[in-house]
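# Structural description and commentary
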Amino acid sequence: MLGLEKKDTRLFLIVIGLTMLAPFLLNPFPEGSEMAQFNAGYPDLMQRFVIFGIFAIGFNILFGLTGYLSFGHAAFLGVGSYAAMWMFKLFGMNVVPALLLSVVLSGLFAVMIGYVSLRRSGIYFSILTLAFAMMSYALAYSVLATDMDGPDKQGLMQKGLTGGETGLQLSVQDPRILGAKAGADGNTPVPNFFGVEMRSATDLNVGDWVFTFSAGYYFSAFVMLIAFYISIRIFRSPFGMMLRAIKSNQQRLNYTGLNPKPYMLAAFVVSGMYAGLAGGLMVAMDPLAGPERMFWTASGEVVLMTILGGVGTLIGPVLGAGLIKYMENILSKINSEILHQWFAWMPDGLEDLVVTLIYPFIGKGWHLTLGLMFMAVVIFLPGGLVEGGQRIMASLRGRKDKNKKSDPDADVKPAE
Amino acid sequence: MDAILLQILNGLDKGSAYALIALGLTLIFGTLGVVNFAHGALFMLGAFCAVTLNNILSLSRTVVDETQTDFLGNPLKVEVPYIHDWFGPEIGASIIEWSVPLAIIFSIPIMIAVGFIMERGLIKHFYKRPHADQILVTFGLAIVLQEIIKYFYGANPIPTPAPSAFTGSFDFGTMLGFDPGTIIYPYWRLVYFFFAMIIIAGVFAFLQFTTFGMVVRAGMADRETVGLLGINIDKRFTIMFAIAACVAGLAGVMYTPINSPNYHMGMDFLVLSFVVVVVGGMGSLPGAVLAGFLLGILESFASMRQVVDLLPGINQIIIYLVAIIILLTRPRGLMGRKGVMED
């Protein structure tokens, strides 16, 4: 289907099914029950799953295929956000032109940064990308936000190009050429896709369960499916093969008379465009853009997502993004009272002991769990969750099809 | 002239911190060939050693003081640190006041132990793995360490003052014949600078003039040959890792009065220290120290009023800008050797 191999088609269909049924799948517990806090099926979080999924898929095209570890990928996320925001402010509230501009601008930005950074490899490349991203952050934070304090001639409320610390927000005074300056209720207008407001949602009540279908989620999910499809095609294309060759032995590639630089630059730009798309989508879902999206911690987060899910695998980055965002939103909500409720069946002393032991790892301490998980994955499972899943599947199937591994090219070791 | 001198002085303390962290990073990289992203966390652990010692020394019992009363006439409850009971109130108070310098002694065994456990428990298994894996696992470790500190000490900065003998600042300008009040410099920053110089000199002397240092330098040059000569180079490298951890920790201990420690200070410094290491040249110890001071001073020059007016925002980006220019024009950094991390 669509020019994919049988295995990839199956994977793609599974991903389509999962994303389309996500409002059901992520809401397994009835409303009002004790377990309802583990439901992740609300639009805000589901949107974040798919948006960060796009970000991680893009990062994986660079890191998974070429092995170049960029520590400044958040810069493109930020550029995409600002671009989409300006499109909303100046042009109109339709998300399509906004997303187009964020992809194009972040692509151009990636060409510039990539051209310079890719002259070095290894840790130097990481430091260069980090330096560029931190420079963009500092510029967005200060220099590009210095000219004015109040509304200017056009009625723009923010300071300069980026709005500095407060970031960019929509305002009813923005000169939207192709669109209403204010929404029907007089407030700031809402991003829409040819009339369908991103914020609109319908609830479906089935017994005790409440399922929310949000236009914003389905729009982002659709964009993610396209992004995912493109990434499958890149992985299976001769271009993807070339990138893998760069990862395994660049010197050898040079000796065969091929110049790897244009391929790497292309990979870097594609990956930057994915990040820009994710940034634009973030703004489309929630019209706010601030410099903190470019800070190096945001770059670190996408690295964590990709590694946790599985570097160089198709589905891994999406899984990693989902897991981290789930932990960030759900695990961080648990507090000691809830823990006491859970372990109430234990004898008192034991209950207190168990709660004290678990408490550092949940609630505000969820980063600790994340860090430990991440370390465990790097140490024991370099292939991430995907490799873990494969190992479990393999051991379940037994030794029968040991020679029939699920990923045939994982075993092929190039001669060094 | 005096303005320039002031900026150089201002850059020295931050430069010292950069130099100390970069020195440790380079020591680890030069010996073990590991890129340690958790080095900033070691700096932070050092700073929290000082906080912990201060907390331990101020452990107190509550007594009812009959001589003091509140406005209702009830006797006040006064906290008396145990240390006052043991050494008498005057010596006790001055011990608490000098907790930061005392923390140097307190932190050395702790940091050496932390470094030793880290190397034997984790880093050892990553010698043969790609640099990307080393970066990632130490990055994870840094997150874990800083979250542990956050759990125990909270997210707010904890002010840890210097001994009152060093709290003021002195008029450096008058000593050099400038007008009074032009160059005013806090004492503690000067202490920090001299402390950093002593540590740096100590590390270099240790490597240069002791047999142990000679073996380590030989191992840095050619690990395999040293191993073939029957020397247990791994053991020595582990000790060097512990020393590097100790250097970072001491840098953190002494930095607490300048900047109140919080759980993410390590990461803030680490990002910049990596830039420093790369600018200085990966694997070059003098390069790391030189680049540390250079970038510290450059940063302070860039934040001068006149410079900022001319080029707005330059103070925020100067270090990164310099790093980019140096990496592109001198790929090995200022003093990098050939063949280090060239692949």
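The helix and strand tally for chain A stands at 16 helices and 6 strands. Here the C-alpha atoms of chain A give a radius of gyration of 23 Å, agreeing with the 22 Å that 2.2 N^0.38 yields for 416 residues. Out of the 416 residues in chain A, the part that is buried amounts to 44%.

Counting residues in hydrophobic clusters, the biggest one holds 218 residues, and the most contacted among them are A:Ile54, A:Phe55 and B:Val275. Per-element tally for this core: the top contributor is helix 11 (residues 233–255) of chain B, with 16 residues. Among all residues touching A:Ile54, those that are not within four sequence positions of it are A:Val223, A:Met224, A:Ala227, A:Tyr274, A:Leu277, A:Ala278 and A:Leu281.

With that settled, the discussion passes to the confidence of the model for chain B. Of the residues in chain B, 97% reach a pLDDT of 70 or more, and the chain-wide mean stands at 84. Quick note on the complex model: pTM equals 0.85, ipTM equals 0.81.

With that settled, the discussion passes to the interface of chain B and chain A. At the junction of the two partners, chain B supplies 32 residues and chain A supplies 34 residues. Mapped by element, the contributors of at least two residues to the side of chain B that touches chain A are helix 6 (131–153), helix 12 (265–280) and helix 15 (314–329) of chain B. No other element matches the 14 residues that helix 6 of chain B contributes to the side of chain B that touches chain A. In the side of chain B that touches chain A, the residues fall into 25 nonpolar, 4 polar and 3 charged.

Residue and element names in this part refer to chain B. Running from N to C, helix 13 (residues 285–302) and helix 15 cross one another at 150°; their axes reach a closest spacing of 8 Å. The orientation of helix 13 relative to helix 15 falls into the category roughly antiparallel. Along this stretch, helix 13 crosses helix 15, giving a crossing that reads as right-handed. Contacts from Leu295, Leu298, Glu299 and Ala302 in helix 13 reach Ile314, Asn315, Ile318, Ile319 and Val322 in helix 15. Class assignment of the residues belonging to the contact of helix 13 with helix 15 gives a composition of 7 nonpolar, 1 polar and 1 charged.

The two faces of a sheet get side chains in turn, since along a regular strand they alternate between them. Residue and element names in this part refer to chain B. Bridge count for strand 1 (residues 60–69) against strand 2 (residues 75–81) is 7 bridges, and the pairing is antiparallel. The residue bridging Thr62 from the neighbouring strand is Glu79, located in strand 2. Between the end of strand 1 and the start of strand 2, which pair antiparallel, lie 5 residues, with Gly73 showing a positive phi angle near 90°.

Bringing the environment of B:Gly15 into the picture now. All names here are of chain B. Mapped onto the elements, Gly15 comes out in helix 1 (residues 2–32). For the pair Gly15 and Gln316, spaced 301 residues apart in sequence, the C-alpha to C-alpha distance is 16 Å. Excluding residues that lie within four positions of it along the chain, Gly15 makes contacts with Gly292, Phe293, Leu295, Gly296 and Ile297.

So, about the packing of helix 8 (residues 238–248) of chain A against helix 10 (residues 261–285) of chain A. All names here are of chain A. Orientation of helix 8 relative to helix 10, taken along the N-to-C sense of each, is 110°, at an axis distance of 10 Å. With respect to helix 10, the element helix 8 is oriented roughly perpendicular. Contacts between helix 8 and helix 10 involve Phe239, Met242, Leu243 and Ile246 from the former and Tyr263, Met264 and Ala267 from the latter. Among the residues making up the contact of helix 8 with helix 10, the classes are represented as 7 nonpolar, no polar and no charged.

Residues and elements named next belong to chain B. In a regular helix each residue adds 1.5 Å, so 31 residues correspond to 45 Å; helix 1 covers 44 Å between its end C-alpha atoms and thus fits that length. Remark: the principal bend of helix 1, roughly 35°, maps to Asp13. Among the 31 residues of helix 1, 24 are classified as buried, and the element is accordingly described as predominantly covered. Positive phi shows up at Gly33, right after helix 1, with a value of about 70°.

Here A:Ala321 is to be found in helix 12 (residues 316–329). Ignoring anything within four residues of it in the chain, the contact list for A:Ala321 reads A:Phe49, A:Phe52, A:Gly53, A:Phe55, A:Ala56 and A:Met305.

Bringing the confidence of the model for chain A into the picture now. When pLDDT is averaged along chain A, the result is 83, and 91% of the positions lie at 70 or above. For chain A, the element scoring lowest by mean pLDDT is helix 13 (residues 336–342) of chain A, at 76; helix 10 of chain A scores highest, at 94.

In this section: the environment of B:Val144. Turning to its location among the elements, B:Val144 is positioned in helix 6. Residue B:Val144 is classed as buried on the basis of its C-beta count, with 21 C-beta atoms lying within 10 Å. Counting along the chain gives 103 residues from B:Val144 to B:Ala41, while the straight-line C-alpha distance between them is 9.3 Å. Setting aside chain neighbours within four positions, we find B:Val144 in contact with A:Leu368, A:Gly371, A:Leu372 and A:Met375.

This part takes up the pairing of strand 4 (residues 201–206) of chain A. All names here are of chain A. Among the 6 residues in strand 4, 0 count as buried, and that is only a small part of the element. By the bridge criterion, 6 bridges tie strand 4 to strand 5 (residues 209–214) in an arrangement that is antiparallel. Bridging across to strand 5, Thr202 finds its partner in Phe213. In sequence, strand 4 turns back onto strand 5 through a hairpin of 2 residues, with Gly207 there showing a positive phi of about 60°.

Rules behind the numbers
Residues numbered from 1 in each chain as written. Chains lettered and ligands numbered in written order. Predicted model: local features only at pLDDT ≥ 70, side-chain atom pairs only at ≥ 80, totals over all residues. Helix = DSSP H or I, 4+ residues; strand = E, 2+ residues; numbered from the N terminus. Rg over C-alpha atoms; globule rule 2.2 N^0.38 Å. Buried ≥ 20, exposed ≤ 12 C-beta atoms within 10 Å, placed from the backbone. Core = buried A, V, L, I, M, F, W, Y, C linked by C-beta atoms within 7 Å. Contact = placed C-beta atoms within 7 Å. pLDDT = per-residue confidence, 0-100. Nonpolar A, V, L, I, M, F, W, Y, C, P; charged D, E, K, R; others polar. Axes fitted to C-alpha atoms, helices over the stretch in contact; angles between N-to-C directions. Parallel < 35°, antiparallel > 145°, perpendicular 65-115°, else oblique. Left-handed = near helix turned anticlockwise from the far one by under 90°. Pairing = 2+ DSSP bridges. Expected span 1.5 Å × (residues − 1). Bend = angle between axes of the 7 residues up to and from the residue.

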